[in-house]
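# Inside the fold
Residues per chain are reported as follows:
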Amino acid sequence: MNQEIVKKKKGYPTELTEMQRRFCEFLVMNEGRTTGKDAALAAGCSPTRAKQTAYDLQQNPKIQMYLTQRMNE
C-alpha cells in the first residue's frame, strides 16, 4: 500500500464557515474596540447565545490561527 503525502500550503484555513469568517473579520477590523459578544452578534449569532458562541469560537484552534495571521498583516 503506497500513500502519497500531500503538503498543505501555508495560509489561511479554508475550513472556516461564513459565520466564523465574519466573526474573525469583525474582530480584526475593530481590534481593541469591540468584544467577542459584539463580533458574534455582527456575524449573525442569536442574541441570547452570543456570549457563549463568542467564547466557543475564540477557543477554536482554526480561528485562533486565522486571527493570528490576519492581525500580523
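The rules behind these values
Sequence positions are assigned chain by chain, starting from 1 and proceeding in written order. For this predicted model, a pLDDT threshold of at least 70 governs which residues receive local features, and a threshold of 80 or more governs which side-chain atom pairs are given and counted, while totals over whole chains, interfaces and linings are taken from all residues. Only hydrogens and water are removed before side-chain values are computed, so all heavy atoms of the structure are retained for them. Helix and strand labels come from DSSP, where a helix needs a run of H or I of at least four residues and a strand needs a run of E of at least two; each type is numbered from the N terminus. Note on exposure labels: buried denotes an accessible area under 20% of the residue type's maximum, exposed denotes more than 50%, and partly exposed covers the range between, all computed with a 1.4 Å probe on protein chains only. Any two residues whose heavy atoms approach within 4.5 Å are treated as being in contact. Only the stretch in contact is used when a helix axis is fitted, and all axes are lines through C-alpha atoms; the angle between N-to-C directions ranges over 0 to 180 degrees. The scheme is simple: roughly parallel for angles under 35 degrees, roughly antiparallel for over 145, roughly perpendicular for 65 to 115, oblique for anything else. Handedness of a crossing is defined here by the sense of rotation of the near helix relative to the far one, left-handed for an anticlockwise turn of less than a right angle and right-handed for a clockwise turn. Per residue, pLDDT captures the predictor's confidence, and it can take any value from 0 to 100. Working definition: the arc comes from the directions between the helix axis and the C-beta atoms, pointing outward to the latter.

A few words on the overall build of the protein. Scanning the protein from N- to C-terminus turns up four helices and zero strands. Along the protein, helices (α) and strands (β) appear in the sequence α-α-α-α when read from the amino end. Here the protein, with 73 residues, has 27% of them falling under the buried criterion. Sequence separation of at least 24 residues holds for 57% of the intrachain contacts in the protein that already meet a minimum separation of 6.

Further remarks concern the environment of Arg21. Within the secondary structure, Arg21 sits in helix α1 (residues 18–29). Arg21 sits 22 residues away from Ala43 along the chain, and the two C-alpha atoms are 8.3 Å apart.

Between α1 and helix α2 (residues 36–43), the shortest axis-to-axis distance is 8 Å and the interhelical angle comes to 135 degrees. Classified by the interaxial angle, the pair formed by α1 and α2 is oblique. You can see that α1 and α2 cross each other, and the crossing is right-handed. Here α1 contributes Met19, Arg22, Phe23, Phe26 and Leu27 to the contact with α2, which in turn contributes Gly36, Asp38, Ala39, Ala40, Ala42 and Ala43.

To continue, consider the confidence of the model for the protein. As a note on interpretation, predicted positions should not be read in detail where pLDDT is low. The share of residues in the protein with pLDDT of 70 or more is 81%, and the mean pLDDT across the chain is 84. When pLDDT is averaged over each element of the protein, helix α3 (residues 50–59) comes out on top at 95 and helix α4 (residues 61–71) at the bottom at 90.

Inspection of the secondary structure assignment puts Thr53 in helix α3. Beyond its immediate stretch of four places on either side in the chain, Thr53 contacts Met19 and Cys45.

Turning to α3, its buried residues are Ala50, Thr53, Ala54 and Leu57. Down the axis of α3, the buried set is contained in an arc of 100 degrees. They therefore lie on one face. Lining the buried residues of α3 we find α1, α2 and α4.

Topologically, Ala54 is positioned in helix α3. Residue Ala54 is classed as buried on the basis of its relative accessible area of 3%. As for Ala54 and Gln20, which are separated by 34 residues in sequence, their C-alpha atoms are 9.8 Å apart.

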